[in-house]
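Residue strings, one per chain:
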Amino acid sequence: MTDAPDPRTAGRRRTLLAATEPVRAAASAGALALSYPLLRGAPRGEPHGVLVLPGLLASDVSTVTLRRWLRGLGYPVVGWELGRNRGPTKEITDELPRLVERLAEQHEGPVSIVGQSLGGIYARRLALRVPRLVRQVLSLGSPFGMAGRPADDTPGARAYARYRHLHAVPRARGGLAGGLPVPSTAVYSRWDGVVDWRACRQQPGPRAENVGVHASHLGMGHDPAVLWLVADRLAQTRDGWAPFTPPARLRFLYPREDDDTAG
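Quantities reported herein were computed from a predicted structural model and do not represent experimental measurements. Numbering of residues begins from 1 in every chain and follows the order in which that chain's sequence is written. Side-chain atom pairs in this predicted model are given and counted only at pLDDT of 80 or more, local residue features only at pLDDT of at least 70, and totals for whole chains, interfaces and linings cover all residues. With hydrogens and water stripped out, all remaining heavy atoms of the structure feed into the side-chain values.

Describing the confidence of the model for the protein chain
A residue-level look at the protein chain finds 90% of positions with pLDDT of 70 or above and a mean pLDDT of 89. Confidence drops under a pLDDT of 50 for residues 259-263, and excluding neighbours within four residues, the segment shows 12 contacts in the predicted structure. Known as pLDDT, the predictor's confidence for each residue is given on a scale from 0 to 100. Any two residues whose heavy atoms approach within 4.5 Å are treated as being in contact.

Quick look at the packing of helix 3 (residues 64-72) against helix 7 (residues 224-234)
Orientation is described by lines fitted to C-alpha atoms, with helices fitted over the stretch in contact, and by angles between N-to-C directions that extend from 0 to 180 degrees. Only DSSP runs of H or I reaching four residues or more are called helices, and only runs of E reaching two or more are called strands; each is numbered from the N terminus. For the pair helix 3 and helix 7, the least separation of the axes is 11 Å and the interaxial angle reads 45 degrees. With respect to their mutual orientation, helix 3 and helix 7 come out oblique. For the crossing formed where helix 3 meets helix 7, the hand is right-handed. On helix 7, the residues touching Leu66, Trp69 and Leu70 of helix 3 are Leu227, Val230, Ala231 and Leu234. Polar here means any residue other than Ala, Val, Leu, Ile, Met, Phe, Trp, Tyr, Cys and Pro, which are nonpolar, and Asp, Glu, Lys and Arg, which are charged; Gly is therefore polar. Its residues assigned to classes, the contact of helix 3 with helix 7 shows seven nonpolar, no polar and no charged. The scheme is simple: roughly parallel for angles under 35 degrees, roughly antiparallel for over 145, roughly perpendicular for 65 to 115, oblique for anything else. By definition, turning the near helix anticlockwise from the far helix through less than a right angle yields a left-handed crossing, and turning it clockwise yields a right-handed one.

Points about the side chain of Thr63
Mapping Thr63 onto the fold places it in the loop between strand 1 (50-53) and helix 3. When residues no more than four places from it in sequence are discounted, the contact partners of Thr63 are Val52, Leu53, Pro54 and Gln116.

Description of the packing of helix 4 (residues 90-106) against helix 5 (residues 118-129)
One can describe the packing of helix 4 onto helix 5 by two numbers: an axis separation of 11 Å at closest approach and a directional angle of 65 degrees. Note on packing geometry: the crossing formed by helix 4 with helix 5 is right-handed. Mapping the contact onto sequence places Ile92, Thr93, Leu96, Pro97 and Val100 in helix 4 and Tyr122, Leu126 and Arg129 in helix 5. Split by residue class, the contact of helix 4 with helix 5 holds six nonpolar, one polar and one charged.

A few points about the pairing of strand 1
Where a strand is regular, its side chains alternate between the two sheet faces. We call a residue buried when its accessible area falls under 20% of the maximum for its residue type, exposed when it is over 50%, and partly exposed in between, using a 1.4 Å probe and counting protein chains only. Burial along strand 1 is two-sided: Val50 and Val52 and Leu51 and Leu53, pointing in opposite directions, are all buried. The pairing of strand 1 with strand 2 (residues 77-78) spans two bridges and is parallel. Bridge assignment links Val50 to a residue of strand 2, and that residue is Val77. Running through helix 3, the crossover from strand 1 to the neighbouring parallel element strand 2 is right-handed. The sheet contact formed by strand 1 and strand 3 (residues 111-116) spans four bridges and is parallel. The residue bridging Val52 from the neighbouring strand is Val114, located in strand 3. Only strands that DSSP links by at least two bridges are regarded as paired with each other. The path from the first strand over the helix to the second decides the hand: if it runs clockwise while the strands point away from the viewer, the crossover is right-handed.

Written out as structure tokens, the structure reads:
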């Protein structure tokens, strides 16, 4: 039996991770440039519509690298075009289902949704709201496990609370960490300095998985491990989804399983 972590030590670690987020995000950008030759062999699947949703206080500008990457793999990908993300306002909760419906009609089939941070929470809500229009969901550092619970003291929760008066979304019934009616991949990092990584994991199932990476919260959208993972997931066929297994040459980009389960 292991001892419980010292709250003071845990607090210092959270503070350090939050303070170093910008530097570590920049490091991910540098790693992307260095690893690009390896990433050129990323899987490519059936072209289908892909919607990329930004995180809290971000806009489509924050997802440019991710969208360019996916476009280069042959996917018709779009941003949400709703400006800065200030949380689930009435405009956002009304427009997102309409946007998914338009994309599904345009591309003649359900769309995959990739959401960064708060964008991943929107993606999971959309999968519950209009499952026939959603092919799969990928959430990147999205604390959906906090839905319907009291806010914690992370930087992300404090920022979200500042805009709560603008929000119109009701609490999700039973939370969002349970099973979805579509395949879903939840990406998390124990080195996340903005949200609690534990809240970014879902209940595993036949079509639900959690994948750990070494990225910072702000750097997930251009981290090499995340970009490969997203490409691999989008390459899955509609009827042949299988859990993620990194190729041997890129195994170093993903934490070992025993690291993932550590506190």
